[in-house]
Amino acid sequence: MPTSRVGRTARIGRLAAGQAVRQAGTHAANVGRSREDAQVALEKRHLEAAEQIVTALGTMKGAAMKLGQVMSFLDVGLVPEEHREEFQAKLAKLRDAAPNVAFKDMKKVIEEELDDELEEVFATFQEEPIAAASIGQVYRATLHDGRDVAVKVQYPGVASAVRSDMANLGLIMRLIKRLAPGIDAKGVAEEIRLRIDEELDYELEAQNQRSLARIFRGHPFIVVPDVVTRLSRERVIVMEFVEGTGFEELKTRSQEERDRLGEIVFRFFMGCLYRHHQFSGDPHPGNFLLQDDGRVAFLDFGLFKRMAPEEVEFELACQRAVTEGDAGELHRLLGSNGFLPHPEKVDPDAVMSYVLDSIWWYTNDDEVQLTPEIATHIVIESSDMRSSHFREMRHQDIRPEHLFGRRMEMLTLAVLSQLRAKANWHRIAREWMYGEAPVTELGREEAEFYGSAVS
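Scope of this entry: the structure provided in the associated data block. (Residues numbered from 1 in each chain as written. Predicted model: local features only at pLDDT ≥ 70, side-chain atom pairs only at ≥ 80, totals over all residues. Heavy atoms only, no water.)

Overview of the pairing of strand β3 (residues 136-143)
Here's step 1: The element β3 is largely enclosed, with a buried count of seven among its eight residues.
Here's step 2: Relative to β3, strand β1 (residues 122-125) runs antiparallel, the two being bridged by three bridges. Residue Phe-122 lies in a different strand from β3, and its bridge partner there is Leu-143.
Here's step 3: Pairing of strand β2 (residues 131-132) with β3, which is carried by two bridges, proceeds in the antiparallel orientation. Residue pairing for β3: Ala-132 is matched across the bridge by Gln-137.
Here's step 4: In this sheet, strand β4 (residues 148-154) lies alongside β3 in antiparallel orientation, the contact comprising seven bridges. Bridge pairing links Thr-142 to Asp-148 in β4.
Here's step 5: Between β3 and the antiparallel strand that follows it, β4, lie four residues; Gly-146 among them carries a positive phi value of about 95°. (Buried < 20%, exposed > 50% of the residue type's maximum accessible area, 1.4 Å probe, protein only. Helix = DSSP H or I, 4+ residues; strand = E, 2+ residues; numbered from the N terminus. Pairing = 2+ DSSP bridges.)

Regarding the packing of helix α14 (residues 348-363) against helix α18 (residues 425-433)
Here's step 1: Look at α14 against α18: their axes get within 7 Å of each other, and the N-to-C directions meet at 90°. By the angle class used here, α14 and α18 are roughly perpendicular. Across the interface between the two elements, Trp-361, Tyr-362 and Thr-363 from α14 touch Trp-425, His-426, Ala-429 and Met-433 from α18.
Here's step 2: Looking at side-chain class alone, the contact of α14 with α18 contains five nonpolar, two polar and no charged residues. (Axes fitted to C-alpha atoms, helices over the stretch in contact; angles between N-to-C directions. Parallel < 35°, antiparallel > 145°, perpendicular 65-115°, else oblique. Contact = heavy atoms within 4.5 Å. Nonpolar A, V, L, I, M, F, W, Y, C, P; charged D, E, K, R; others polar.)

Notes on unusual backbone geometry
Here's step 1: You will see that Asp-300, though not glycine, has its phi angle at about 70°, which is positive.
Here's step 2: Inspection of the secondary structure assignment puts Asp-300 in the loop between β9 (296-298) and β10 (304-306).

Some points on the packing of aromatic side chains
Here's step 1: For the structure on display, the rule yields 19 aromatic pairs.
Here's step 2: Here a set of aromatic residues connected by ring pairs shows up, and it is made of Phe-216, Phe-247, Phe-268, Phe-269, Phe-288 and Phe-298. (Phe/Tyr/Trp six-rings, centres within 6.5 Å; stacked < 30°, edge-to-face > 60°.)

Considerations on the pattern of salt bridges
Here's step 1: Applying the stated rule across the entire model yields 27 salt bridges.
Here's step 2: Taking the shortest distance from any N to any O, the salt bridge between Arg-332 and Glu-329 comes out at 2.9 Å. Remark: Glu-329 and Arg-332 occur in helix α13 (residues 327-336); sequence separation between them is three residues, near one turn of the helix.
Here's step 3: Taking the relative accessible area as the measure of exposure, Glu-329 reaches 27% and is therefore partly exposed.
Here's step 4: The partner of Glu-441 in a salt bridge is Arg-444, and the shortest N-O contact between them spans 3.7 Å. Of this pair, Glu-441 and Arg-444 both sit in helix α19 (residues 441-452), separated by three residues, roughly a single helical turn. (Salt bridge = Lys/Arg side-chain N within 4 Å of Asp/Glu carboxyl O.)

So, the side chain of His-331
Here's step 1: Within the element layout of this structure, His-331 appears in helix α13.
Here's step 2: Taking relative accessible area as the criterion, His-331 reaches 15% and is therefore assigned buried.
Here's step 3: In this view, His-331 contacts Leu-340, Pro-343, Val-346, Asp-347, Pro-348 and Val-351; residues no more than four positions away in its chain are not counted.

Regarding α13
Here's step 1: Restricting attention to buried positions, one finds in α13 the residues Ala-327, Leu-330, His-331, Leu-333 and Leu-334. Within α13, the buried residues cover an arc of 165° as seen down the axis, which keeps them to one side.
Here's step 2: Next to the buried residues of α13 lie α12 (309-323) and α14.
Here's step 3: One or two positions beyond α13, positive phi appears at Gly-338, with a value near 85°. (Arc of directions from axis to C-beta.)

Digging into the sheet that holds strand β5 (residues 222-223)
Here's step 1: Pairing is mixed across the open sheet formed by three strands, whose spatial order is β5-β9-β8. Edge positions in the sheet fall to β5 and β8 (288-290), since each has one partner strand and no second.
Here's step 2: One ladder, built from two bridges, connects β5 with β9; its direction is parallel. Across the sheet, the residue bridging to Ile-222 is Val-296, located in β9.

So, the nonpolar core
Here's step 1: Counting 69 residues, the largest nonpolar core has Phe-266, Phe-268, Phe-298 and Trp-425 as the members making the most contacts within it.
Here's step 2: If we skip the residues at most four places from it in the chain, Phe-268 touches Leu-212, Phe-216, Ile-222, Val-224, Phe-298 and Phe-301.
Here's step 3: The next biggest cluster of nonpolar side chains, apart from the first, holds 33 residues, and it includes Phe-103, Leu-118, Leu-231 and Ile-237. (Core = buried A, V, L, I, M, F, W, Y, C linked by side-chain atoms within 4.5 Å.)

So, the packing of α12 against α18
Here's step 1: At a minimum axis separation of 11 Å, α12 and α18 run at an interaxial angle of 135°. With respect to their mutual orientation, α12 and α18 come out oblique. Of the two elements, α12 crosses α18, and the hand of that crossing is left-handed. Mapping the contact onto sequence places Leu-316, Gln-319, Arg-320 and Thr-323 in α12 and His-426, Arg-430, Trp-432 and Met-433 in α18.
Here's step 2: Here the contact of α12 with α18 is built from residues that sort into three nonpolar, three polar and two charged. (Left-handed = near helix turned anticlockwise from the far one by under 90°.)

Points about a negative patch on the surface
Here's step 1: Where like charges cluster on the molecular surface, the negative patch consists of Asp-115, Asp-116, Glu-117 and Glu-120.
Here's step 2: Within the element layout of this structure, Glu-120 appears in helix α6 (residues 118-121).
Here's step 3: Take Glu-120: its relative accessible area is 52%, and that puts it in the exposed class. (Patch = residues over 30% accessible without salt bridge, like charges linked within 9 Å, V, L, I, M, F, W, Y side chains within 5 Å. Areas by Shrake-Rupley, 256 points an atom, 1.4 Å probe, with all protein chains shown as cover. Lys, Arg positive; Asp, Glu negative; His and termini not counted. Charge placed at Lys NZ, Arg CZ, Asp CG, Glu CD.)

Points about the environment of Val-355
Here's step 1: The topology assignment puts Val-355 in helix α14.
Here's step 2: For Val-355, a relative accessible area of 16% gives the class buried.
Here's step 3: It is 7.6 Å that separates the C-alpha atoms of Val-355 and Val-322, two residues lying 33 residues apart in sequence.
Here's step 4: The contact partners of Val-355, leaving out residues within four places of it in the chain, are Val-322, Leu-330 and Leu-334.

Structure, rendered in structure tokens:
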């Protein structure tokens, strides 16, 4: 793993420069081609660029690999439709796997962090990792008291590698911007910079996980594994081991099973924000497992956000205004909370149309089966230069404290869309939007849990 900025910059810089030359050549050649031939040539270059990005990101850790993980399940039209499945398959490998690091090097990290020999801390320890996280690997072990645990360990040198990624982030974003010219590269880069330091601190992650584990202890269909606090450090976190079925298998299940899973995912990520004012910001498919008893275990709380009650209530008020078709109230809320720097320049109906196109899937009172095409369209309409609302978007802003929540919402949508899950998402959301009684069986089970839970 090259950790120096020079080595990593050289690799990414060569890739960016090569793509610039090839794409310029394609555009020049297109002058003498028919429209169809020109489109085919450009698509070929896009596919080549996408493949090279996969290759580059696959050799890196930290910020760069995190970008690859996000891209792997949120397709915003980066490649042509006929190549999308192939592209997704390659990115899925990037999401779920990583180059191996010798166990002796990982063992050294564990022993340095726990200040003891491995055999003194664990009764058994499997040297083969059971999973790869974006900045580390996960191992299975047992404690001397018999507990089965998962041990997440940071790659040696990953902190230096991530810092190099942060310095090179502009170059990486240039590669992606060649594929999607409308992407807000600066905004994406800033979002990663704000959160990546937190993800490097496993002690902070342990604190986040303990918080949600307390909230969901005894929940009928959500599991957050307990943390072994005495064995968790900045580069090592030890937690209760859980087993279950992964996302690729779950995508092949029956519609009924996928609908149930989709509702649980929706309730966990969106419900955490609007009920508990804290949430995991990384709802990618590698972060949950369906257990044999039907409960879903949620993992990885490095990317985490807590929000003030008044900020959460502001978001809910905006959702209610959209649901009720009250363009004037939505305009007033956004204008008075800094989202419209010059409210007088933005027509209330235009604002309503823009926001509705972003969140209609859970503010319209209809059953909706989500698909990758729906997710792609929503992302384009809400954040891309290709959006029909681009003129209005130029007069809008987003306050930093709400950016992380919107990212979580979009990635949750992407996961549900890959599952092709079907539900009346609005009727579920009304539980926290309006405080209404649940209309689904899962909702009734959850309401009973919250009613009996000790606050």
